[in-house]
Amino acid sequence: MNNVTRYQNAALQYYLDLTGSSYLHYGYWNPIPAPTDDLTVTKLRAAQEAYATHLLSFLPTDIHTVLDVGCGNGGNAITMLERGLQVEGVAPDPLQKANFLEKTNHRAVFHVNTFEEFVQNYQKLAAPPTYDLLLFSESSQYMSPESIAEGASQIVKSGGYLLLSDMLRKDPEYREGMFSNCLVNADLHREMEKNGFKLVTTDDISAHIVPTLDICVQSFQTFGVSTMKYIANLIAIAVPPIYAVLRYFLGNLFKKLITEGLQASNLFHKHLCYEIQLWQKV
């Protein structure tokens, strides 16, 4: 796991603690709040519910089996189960397995694997099943465009689909920073087409997720930065030598991370977009 991924995992944990929600995604604010509107955690939770509804509205009507890649705690899976779909989830986190199985009441299968491991194991099966649709809801950033496209081409039925929803880099030159592990959109398109998929529809919902970045930045600015300063002051008073060592080795790093965290919304506007993409294997 690289440093960018660790940084983003820490941000996800902060996001979960902030929202108190089982959803890991950014939500879908509709209508888009005005600049003068008060952004609250309650409204954010409503946006998260709206996101699931909007995303799953892109599910084709002719599907029955779904593999939810990076399925999180099962928020999307339970909705799909309620629609009568057969759902399997895959993620490398055993803790997510327990949450997923509890949330879905054990009606869905969970595979403790990365997507790449799942595809490798799939290839060894004597009579491997195929899926009508693969769902990547904010999980693509942990994989390469090649592994997504090549893996999907092996386990999706002919005429089946891949539904992807995530932050994507519209600026391929943005290679360092908190969002730099997001896939380059052009690279994803190239690999999907190379592996026999055509783009059916796309929806740029960038404006609908930005308020979540804003509320996280506001909360971090109000509580996070002040808390870190308070802890640093306590260490400086109680154990000055340790404070001196930490400041020497980590001072610039923390400053960089804090500065970047406070600029999250601006970084997103400049370098990224957020799209829902439905691809079909032809």
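Each value, and the rule that gives it
- Residues numbered from 1 in each chain as written.
- Predicted model: local features only at pLDDT ≥ 70, side-chain atom pairs only at ≥ 80, totals over all residues.
- Heavy atoms only, no water.
- Pairing = 2+ DSSP bridges.
- Helix = DSSP H or I, 4+ residues; strand = E, 2+ residues; numbered from the N terminus.
- Axes fitted to C-alpha atoms, helices over the stretch in contact; angles between N-to-C directions.
- Contact = heavy atoms within 4.5 Å.
- Core = buried A, V, L, I, M, F, W, Y, C linked by side-chain atoms within 4.5 Å.
- Buried < 20%, exposed > 50% of the residue type's maximum accessible area, 1.4 Å probe, protein only.
- Phe/Tyr/Trp six-rings, centres within 6.5 Å; stacked < 30°, edge-to-face > 60°.

With an unreviewed UniProt entry as reference, the protein chain is termed Methyltransferase domain-containing protein, source organism Pseudanabaena mucicola FACHB-723.

A.B. asks: I tried to follow the sheet that holds strand S2 (residues 86-91) on my own but got confused; where do I start?
C.D. replies: Backbone-to-backbone hydrogen bonds pair the strands of a sheet. The strands run either parallel or antiparallel. The 7 strands lie next to each other as S3-S2-S1-S4-S5-S7-S6, forming an open sheet whose pairing is mixed. If you trace the sheet from one side to the other, it starts and ends with strand S3 (109-112) and strand S6 (197-204), each paired once. When the angles between neighbouring strand axes are averaged without regard to direction, this sheet yields 20 degrees. Of the strand pairs in this sheet, S2 and S3 are connected by 4 bridges, and their pairing is parallel. Its bridge partner lying in S3, Val-90 is registered against His-111. Of the strands in this sheet, strand S5 (156-169) and strand S7 (272-281) touch helix H10 (residues 264-271), which is tilted by about 50 degrees from S7.

A.B. asks: When you look at the nonpolar core in this model, what are you seeing that I'm missing?
C.D. replies: A general trend in soluble globular proteins is that nonpolar side chains are found buried together. Among the nonpolar cores identified, the biggest contains 41 residues, and Leu-133, Leu-163, Met-167 and Phe-179 are the most heavily contacted of them. Once you skip the residues sitting within four places of it in the chain, Met-167 turns out to touch Tyr-26, Phe-179, Cys-182, Ile-209, Leu-213, Phe-268, Leu-272, Cys-273 and Tyr-274. One finds Phe-118, Val-119, Ile-155 and Leu-168 within the second-largest nonpolar core, a separate group that totals 25 residues.

A.B. asks: Please explain the packing of aromatic side chains as it appears in this structure.
C.D. replies: Aromatic rings considered in pairs are described by the distance between their centres and by the relative angle of their planes. Counted under the stated rule, the structure contains 4 aromatic pairs. When the ring of Tyr-51 is compared with that of Tyr-274, the centres are 6.4 Å apart and the planes differ by 90 degrees; the resulting orientation is edge-to-face. Here the residue Tyr-51 occupies a position in helix H2 (residues 41-56), and Tyr-274 occupies one in strand S7, the gap between them amounting to 223 residues. Like Tyr-274, Tyr-51 is buried. Taking 6.3 Å as the distance between ring centres and 50 degrees as the angle between the ring planes, the aromatic pair formed by Phe-118 and Tyr-131 counts as tilted. One end of the pair, Phe-118, is in helix H5 (residues 115-123); the other, Tyr-131, is in strand S4 (residues 131-137), and 13 residues separate them in sequence.

A.B. asks: Looking at this structure, I do not really get the environment of Lys-270. What am I missing?
C.D. replies: Position of Lys-270 among the secondary structure elements: in helix H10. For Lys-270, a relative accessible area of 61% corresponds to the exposed category. With 101 residues separating them in the primary sequence, Lys-270 and Arg-169 have C-alpha atoms 9.6 Å apart.

A.B. asks: Any chance you could explain the environment of Leu-95 here in plain terms?
C.D. replies: With respect to the helices and strands, Leu-95 occurs in helix H4 (residues 94-103). Put simply, Leu-95 and Val-112 are 17 residues apart on the chain and 9.7 Å apart in space, counted from C-alpha to C-alpha.

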